[in-house]
Amino acid sequence: MRGTAPGGTRETYSSQAVVDLSVVIPAYNEERRLGSTLDAVTRYLRATAHRRGSWEIVIADDGSTDATREIVTLRRDPRLRLVTSPRNRGKGAALRLGVAASRGRRVLVTDADLAAPVEELERLDRVLAQGHAAAVGSRAVPGATLGDRQHRFREFLGSAGNLLIRATTLRGIRDTQCGFKLFDGDKARAAFAASRMDGWAIDVEVLRHFRLSGWPIAEVPVHWSHQHGSKVRPLDYPRVLRDLVRIRVRLPGLADMSAAALFLAMAVALYSGRFFDPARRYLTDSLQDQNQWEWFFAVTADNVARLRNPFFSDLQGAPDGVNLMANTAMPGLSVPLTPLTLLLGPAVTLNLVMTLGLAATAGAWYWLIVRRLVRQRGAAFAGATLAAFAPPMVSHANAHPNFVVLFMIPLIVDRALRLCETGGRRTRDAVILGLMTAYQLFLGEEALLLAALGMLVFALAYAAVRPDVARLVARPLLGGLAVAAAVCLPLVVYPLAWQFSGPQSYTHIEHGPAAANSVRALLTFAERSLIAGEADRAAALSLNPTEQNAFYGWPLLLFALAVTVRLWRQPAARALACTAAVAAVLSLGPRIHVPLSGAEIPGPWAPLAGLPLLESVIVSRVALICAPALGMLLALAVGRLATARSLGTQYVGLLAVCLALLPLVPAPLKSEPRAATPAFFTDGSWKPYVSPGETLVPVPLPDPQAAEALHWQTEAGLGFRMPGGYFNGPYGDGDRSGVYGVPLNFTASLLKDVRDTGVAQVIDDRARAEARQDLAHWKAGALVLVPQPRDAVLRATVDKLVGRPAQWVDGVWVWDLHGGS
């Protein structure tokens, strides 16, 4: 930044020495009184230089049209500096310009009229020396004195304005507009640089920045006299009200809105194969999960509309039903979106939830990175993109909204960090943290558990790097977490009791050793990588296309290592790198396969695998923690590149970023036309076959490998119940271990074997007797066979089981059981 010194010489401010005090005076058309003000301030500073040290006066001209600039330039004191704006923008813009040009260890901001004499600086100086970051001259605290007073109406407006400011924006400071404030220099430059207000509300915005940053502020009584020639006009009062709203509700700037628009466009592009026709398109790699999730949204809306328990349904798994709280039904969204689901259908609701949820997740990470890590919007955008669109996130985008809709996680992280700040409102922040945590539990418990694990690892790593900070914040952090838990637990105790002790609950669910990542999975590219994906290799290294929970690729991991080495002095970089590394190693499971050796060694997950809650986690999902950690490391790196002085450094760094990220750019998710639902379900032809209390039995029963029957049930308006299904429930017979679907009885197992093999089974009297018992247990009103591969042998099998042939009704084969079987 450059400016003009008195006498017209040009000087580079950044090359000048630091001074002890900068006095910043905003000026607009001040030719009548600026000269006397400069005389008074200069005289005082010269007289006190022996104890105050070096000084400068920065006059920030706000586009004056009179001789204001000439008054400054005609003075020959090199300690007077003029910075100018080409047009009048307001006091806030002038102060932002002047403070940015200042070089002082302390910065005094005073109005050009010297309503508070410069000698009052002595009082402010004493307070700042006591450890405060800002000393605010005040007319409203004990000890303040008033000389000439303003007009009563102006005083009334000022008092009303200060009352409004205290009530809505800045508690605890009785007079924000005195115009005489002393700041710590570095903190002042940071606060004014972050400000957006161009008008009179700049004082409130800057002090609010100090308050939110935890920098202590003191209000100091001063002597104040009204000076004629005030620049405040009647229309300025409503403008201040407008600016207070803008300060309290931080509206996004153009860069932020552009980032949000890009996140939305990226999410739409990812879902482009289904986004514009969700009811008739199916995500190929979602396996049966799209059917399941649409059913969850549909049944929750039906429960809410009919005032039934939103945590349970008997429409699947009849007669025992489904514990929805023990499944990932996301009541935090499925309940409030009930009107949308009832109006447009669950396919549209799920489509919007996953698309908008993914964009919102990226936006939330972007907000957190800007707020906590880097100011450069481009760096924050790069980091948030990696956090939200990393290969594991894209994999889950096929079918798992509970791992896509994570916008609450960055908000929870930020609120937890606020508990560590001095000068904050910890009780309020702890209460809000408790409420946020409770809400996230209704969006996705496993995502909350993994986030808590990641935050714990980061906290321990940061404490190891900065033990001094850890000792300082440990007590308030733990106290705040205790308050948050006290707020959260009463809200979730009943749903959790229903989940773990209610009907169809289970204690844990096993996933086996194949659920862990391998080292190769961390280094390999994901199937949906646009330029580097290998479907066969990714399939061999993961459970299925929805569980490719690693696949960050070796270029990104090498880049992260290089960034960690380069930014090793930054505690945040070291803690983030440690978090990513620990999460990656934990995701390898209790036994780690050593590459190229065939040997196995115990993994750090082994002692955790048997702990409550963690025993049900698909351990490869722990690698999801790496996505935001790597995203933040990327943001730090891009932010550092943006400030690099060498163009060569910037080019090499940008090339490294591109090489690390290009292999991760995802292709749109695969989709295909959805098979039409038979008219038997859509036209209500099923109704004569199902009496109250009876079920409709699909042939074969729906299960985790074939759950299209859930879609037929949804298309039928959830009018009938059915046995079987795709959900998590207990194994049965007193064993409360979890299982996907329901344990197969004789008839369900027989029909599944015929479907899978195409081989007809021997049907004898014993088989028919077993089938009668199963049908009676299900309270079956009819069996239905939809045309499908091997349907001829399925039809022949059921004919023999029930003792009569099926009837063709509106596109399906039906066996009516009301006449006996």
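Quick notes on the rules
The written sequence of each chain sets the order in which its residues are numbered from 1. The predicted origin of the model limits local features to residues at a pLDDT of at least 70 and limits the giving and counting of side-chain atom pairs to 80 or more, whereas totals for whole chains, interfaces and linings rest on all residues. To get the side-chain values, take all heavy atoms of the structure and skip hydrogens and water. Nonpolar cores are built from buried Ala, Val, Leu, Ile, Met, Phe, Trp, Tyr and Cys residues. Side-chain atoms within 4.5 Å join them into one set. Only protein chains enter the accessibility calculation, which uses a 1.4 Å probe. A residue is then buried if its area is under 20% of the maximum for its type, exposed if over 50%, and partly exposed in between. Paired strands, as defined in this entry, are two strands with at least two bridges between them according to DSSP. The helix count covers DSSP runs of H or I at least four residues long, the strand count covers runs of E at least two residues long, and both are numbered beginning at the N terminus. Orientation is described by axes fitted as lines to C-alpha atoms, over the contacting stretch for helices, and by angles from 0 to 180 degrees between their N-to-C directions. Grouping into patches uses exposed residues only, defined as over 30% relative accessible area, and leaves out salt-bridged ones; the cut-off is 9 Å for like charges and 5 Å for nonpolar side chains (Val, Leu, Ile, Met, Phe, Trp, Tyr). All accessibility values rest on the Shrake-Rupley procedure with a 1.4 Å probe; residue burial counts only the protein chains present in the view. By convention in these notes, a salt bridge is any Lys or Arg side-chain nitrogen within 4 Å of a carboxyl oxygen on Asp or Glu. Here roughly perpendicular refers to angles of 65 to 115 degrees, roughly parallel to angles under 35, roughly antiparallel to angles over 145, and oblique to all remaining angles. Throughout, a contact is declared for two residues whenever any of their heavy atoms are within 4.5 Å. Only Asp, Glu, Lys and Arg are considered charged in this grouping, and only Ala, Val, Leu, Ile, Met, Phe, Trp, Tyr, Cys and Pro are considered nonpolar; every other residue, Gly among them, is considered polar. We define a polar contact as two N or O atoms separated by no more than 3.5 Å, with the added condition that, inside protein, one atom must be a possible hydrogen donor and the other a possible acceptor, whereas residues neighbouring each other in sequence contribute only through side-chain atom pairs.

Asker: Whenever I open this one, the nonpolar core confuses me. Can you help?
Answerer: Side chains that are nonpolar tend, in soluble globular proteins, to be buried together. Ranked by internal contacts, the top residues of the largest apolar core, which has 140 residues, are Trp295, Val622, Leu630, Phe680, Phe681 and Leu696. Core analysis: the second largest hydrophobic core is formed by 35 residues, Leu38, Leu45, Ile71 and Val220 among them.

Asker: Teacher, can you tell me more about the sheet that holds strand 19 (residues 695-698) here?
Answerer: One open sheet accounts for four strands, arranged 19-22-24-23; its pairing is mixed. Sheet topology places strand 19 and strand 23 (807-809) at the edges, where each strand pairs with a single neighbour. Averaged over all pairs of adjacent strands, the angle between strand axes in this sheet comes to 35°, irrespective of strand direction. Pairing analysis gives four bridges linking strand 19 to strand 22 (residues 780-785), with the strands arranged parallel.

Asker: In this structure, what is going on with a nonpolar patch on the surface? I would like to understand it.
Answerer: Side chains of Leu523, Trp554, Leu558, Leu561 and Val565 sit close together on the surface and give an oily, nonpolar patch of about 520 Å² of accessible area. At four residues, helix 24 (residues 554-566) tops the list of elements feeding residues into the nonpolar patch. Here valine 565 shows up in helix 24.

Asker: Explain the packing of helix 15 (residues 346-372) against helix 18 (residues 408-418) here, please?
Answerer: The description of two packed helices rests on the angle between their axes and on the distance between the axes. Where helix 15 meets helix 18, the axes come as close as 8 Å, and the angle between the chain directions of the two elements is 25°. By the angle between their directions, the pair helix 15 and helix 18 is classed as roughly parallel. Of the residues in helix 18, those touching helix 15 at Ala364, Trp365, Trp367, Leu368, Arg371 and Arg372 are Ile409, Pro410, Leu411, Val413, Asp414, Leu417 and Arg418. Here the contact of helix 15 with helix 18 is built from residues that sort into nine nonpolar, no polar and four charged.

Asker: So what exactly am I meant to see when it comes to the sheet that holds strand 21 (residues 735-740) here?
Answerer: Paired through their backbone hydrogen bonds, the strands of a sheet run either parallel or antiparallel. The strand order 15-21-20 describes an open sheet built from three strands, whose pairing is mixed. This sheet does not close on itself; its edge strands, each paired only once, are strand 15 (508-509) and strand 20 (728-732).

Asker: How should the side chain of arginine 621 be read in this particular structure?
Answerer: Topologically, arginine 621 is positioned in the loop between strand 17 (600-602) and helix 26 (626-642). A residue is classified by how much of its surface remains accessible, and arginine 621, at 9% relative accessible area, is buried. A polar contact is formed between the side chain of arginine 621 and the side chain of glutamate 446, at a distance of 2.7 Å. Those residues within four positions of arginine 621 in sequence are excluded, and the remaining contacts are His396, His400, Phe403, Glu446, Leu450, Glu547 and Asn549.

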